[in-house]
Amino acid sequence: MSCRVSLSVIRLALPRSPNPIAKLVFPTLRASRLLVRFKSVSSESTLFSMPERRPFVRLPTDVYPVNYGLRLKPDLIDFTFEGKLEAAVEVTQGTNQIVMNCADIDIITASFVPEGGEEINATGFNYQNEDEKVTLCFPSTLQKGSGSLKIDFVGELNDKMKGFYRSKYTIPSGEIRYAAVTQFEATDARRAFPCWDEPAIKATFDITLIVPKDRVALSNMNVVDRKPYPEDHSLVEVKFATTPIMSTYLVAFVIGEYDFVESQSSDGVTVRVYTPVGKAEQGRFALEVATKTLPFYKDYFSVPYPLPKIDLIAIADFAAGAMENWGLVTYRETALLIDPKNSCASSRQWVALVVGHELAHQWFGNLVTMEWWTHLWLNEGFASWIEYLCVDHCFPEYDIWTQFVSADYTRALDLDALDNSHPIEVDVGHPSEVDEIFDAISYSKGASVIRMLHNYIGDEDFRKGMNAYLLKFQHKNASTGKLTPSQGASGNNNCCLGNTGFNQMLKISQKKFCASGPRNDENCPNWMVPISICTSEDPSCTKLEVLLDQPETTVNITNVAPDHWLKINPGTVGFYRIQYSSAMLESLLPGIRDLTLLPVDRLGLQNDLFSLLHKQADMQEEKNRIERVLGAIPAPDIIQRVLNFALSVREYTHTHLLWKIGQAGKI
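Residues numbered from 1 in each chain as written. Predicted model: local features only at pLDDT ≥ 70, side-chain atom pairs only at ≥ 80, totals over all residues. Heavy atoms only, no water.

An unreviewed UniProt entry lists the protein under the name Puromycin-sensitive aminopeptidase, with Cyprinus carpio as the source organism. In UniProt, the protein has this text filed under Sequence similarities (unreviewed entry): "Belongs to the peptidase M1 family." (UniProt positions renumbered as here; feature names shortened; annotations may be inferred.)

So this is what it looks like as structure tokens:
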């Protein structure tokens, strides 16, 4: 992953309208509690608009699955597959029809067998192609109680890289062959078998694959039986163990030719990395990362990994970067394979981050799953934050948090300031809308906000909250408002105390920041955001923490020597921009010159200054401020080029919090 120190151009935003879409409830620093609300954009707002919404109704709840017994027989020559589904279901109220999700599949026969009763054959299949549903019609009412739904069907191994599809690869001899692989998130399990394809409708799965005997067959669970297929001796029947209760989008199966490397994590989980034939050695770095990562997450969440194995596999044709299927994580080849002789350091860091991200989902997303796609940001934002925590633990030499600020934090701030930004959480209805929210808002801004809250609460209490959340909702579903870290949190303690000196007073005000300029016609809500302050005495340590919950406030900082500078937002953790008074900015220059101001803070300071070039009237003043800061850096040959770039993109629009911090004086 490439890293640029100050000139990231992609970004995200805090939603800004008085209508709450979700609450994250976190205990405050002291006795009270901080209620952080993410707010949606009202219908009158011009900041964000979704395409015209299509009418959509979620699946009825009168019949739901308990277990899917699924048999699939793919044909790697004709690119088709045959399937048999025998699902144990519960009928909650009498009905003469069953509505399921189904797309690009032809149902041959369907029947329902009530427990202890006679089989009832379906008399018709009504496909609603636009909504990707099918209604199975029965001649009599299915009575309340348990039963078995049987469906025979056929489908295509498509070339769309979604659902159950074919993936082209070349073997060492140069011959082109095909694998059969899956990508079900968000709503494409329905292309592999008829199902209740909504994240809240969980069930267990018993999967059997009938495949050529010279191919590798993988699924979410370990193989429990492998035997010749009686109808064709060139095939084998591979049966996998029953999965935990899980959502359909996490089901996966792969049939192809692969090599692998194997190890065990310290907590006894079998880890394999599958690679193209002849490239097994390129999987060893990912194997190292995975075997370190599983125990880290187990300890961090205080919840063990619930499956006996985990496979990581490189897929030749893969649309996403990676997919967190439970127990069988699929990757694009560039996100998993490392050539030990030729791959650069940035490639290693990228693989480490992607592996850390997907393995985090095994708990946060798979064990506890979002109730609906509206809550995707919490799934992806959390994994996008903790992947850095994990990599920092495994490879501290990477200084990965500085790269987070460059790759995710500044990206989120910039996009958040655009006029066409959108809330961190977006209401999703029709499945066609789901892909629209897999963007940097869900990932980078979500990660940045969670990082800020983690820092405010403190790691110990944050971990307690994660443990309580996972234990309460394991094998279930949850929405954003259900995430409530532990009640006993006391926040971070101040650590730089006891030195005598002068006191300083800061006046701090908050205002919404728009890259296109001030918006005086809008009502700007106040956010409750933690602000931390450090001094040159110890730039890595927070001297004071305050919670700004009003338009402005004055803060008294005690025991600060007159020649010490003050820095807001040490570590560049708080998700806001800072506009210093000229005097405060001047006082920071010595810390830039002698490098006592940490790299991550120098990066944040430069990024804020560039972004504040948002209106013509301020241009000369802001240009002078940037020149003073850059002039403190011993690299005069690049200063003018950087400044020219900043000025050339000053009209790049952007919407976000502007924090204006002015030094009120010394007492």
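Still more ground to cover, so stick around.
## As for the UniProt feature "site: Transition state stabilizer" (unreviewed entry) in the protein
UniProt records the feature "site: Transition state stabilizer" (unreviewed entry) at Tyr443, using the numbering of this structure. Within the fold, Tyr443 resides in helix H5 (residues 440–457). When sequence neighbours within four positions are dropped, the list of residues in contact with Tyr443 reads His357, Glu380, Gly381, Ser384 and Phe438. (Helix = DSSP H or I, 4+ residues; strand = E, 2+ residues; numbered from the N terminus. Contact = heavy atoms within 4.5 Å.)

## Quick look at the environment of Ile151
Tracing the sequence through the fold places Ile151 in strand E10 (residues 145–156). Dropping the residues within four chain positions of it, Ile151 is found in contact with Gly83, Lys84, Leu85, Met100, Ile107, Thr109, Ala110, Leu136 and Pro194.

## A short note on the pairing of strand E9 (residues 133–142)
Two elements, strand E5 (residues 95–101) and E9, share six bridges in a ladder whose sense is antiparallel. Its bridge partner being in E9, Met100 is matched across the sheet by Val134. Pairing of strand E8 (residues 124–128) with E9, which is carried by five bridges, proceeds in the antiparallel orientation. Note that in E9 the partner of Tyr127 across the bridge is Val134. Between E8 and E9, which pair antiparallel one after the other, the connecting turn spans four residues, and Glu132 there sits at a positive phi close to 55 degrees. (Pairing = 2+ DSSP bridges.)

## Thoughts on the packing of aromatic side chains
Overall, the coordinates contain 31 aromatic pairs when judged by the stated rule. With a centroid separation of 5.1 Å and an interplanar angle of 85 degrees, the aromatic rings of Phe164 and Phe253 are classed as edge-to-face. Pair noted here: Phe164 is in strand E11 (residues 163–170) and Phe253 is in strand E17 (residues 253–256), with a separation of 89 residues, a long-range link. Across this residue pair, the class does not change: Phe164 and Phe253 are buried. Taken together, the aromatic side chains of Phe296, Tyr297, Tyr300, Phe301, Tyr305, Trp363, Phe364, Phe382, Trp385, Phe462, Tyr469 and Phe473 make up a single cluster linked through ring pairs. (Phe/Tyr/Trp six-rings, centres within 6.5 Å; stacked < 30°, edge-to-face > 60°. Buried < 20%, exposed > 50% of the residue type's maximum accessible area, 1.4 Å probe, protein only.)

## Observations concerning the sheet that holds strand E3 (residues 63–75)
The strand order across the open sheet built from eight strands is E7-E6-E10-E4-E3-E13-E16-E15, with neighbouring strands paired in mixed fashion. Only two strands of the sheet have a single partner each, and these edge strands are strand E7 (120–121) and strand E15 (223–228). Pairing analysis gives nine bridges linking strand E6 (residues 105–114) to E10, with the strands arranged antiparallel. Counterpart to Ala110 in the pairing with E10 is Ile151.

## Focus: helix H1 (residues 284–301)
Given 3.6 residues per turn, any residue in an α-helix points the same way as the ones three and four places further on. When the terminal C-alpha atoms of H1 are compared, their 26 Å separation across 18 residues agrees well with the 26 Å that a helix rising 1.5 Å per residue should span. Ser302, located one to two residues past H1, shows a positive phi value of around 55 degrees. (Expected span 1.5 Å × (residues − 1).)

## Details of the sheet that holds strand E27 (residues 544–548)
With antiparallel pairing, the three strands of this open sheet are ordered in space as E27-E26-E29. Both outer strands of the open sheet, E27 and strand E29 (566–568), are each paired with one neighbouring strand and no more. Going across the sheet, the axis of each strand differs from the next one's by a mean of 25 degrees, ignoring polarity. Where strand E26 (residues 529–535) lies against E29, three bridges are found, and the strand directions are antiparallel. When the sheet's bridge partners are listed, Cys534 is paired in E29 with Lys567. (Axes fitted to C-alpha atoms, helices over the stretch in contact; angles between N-to-C directions.)

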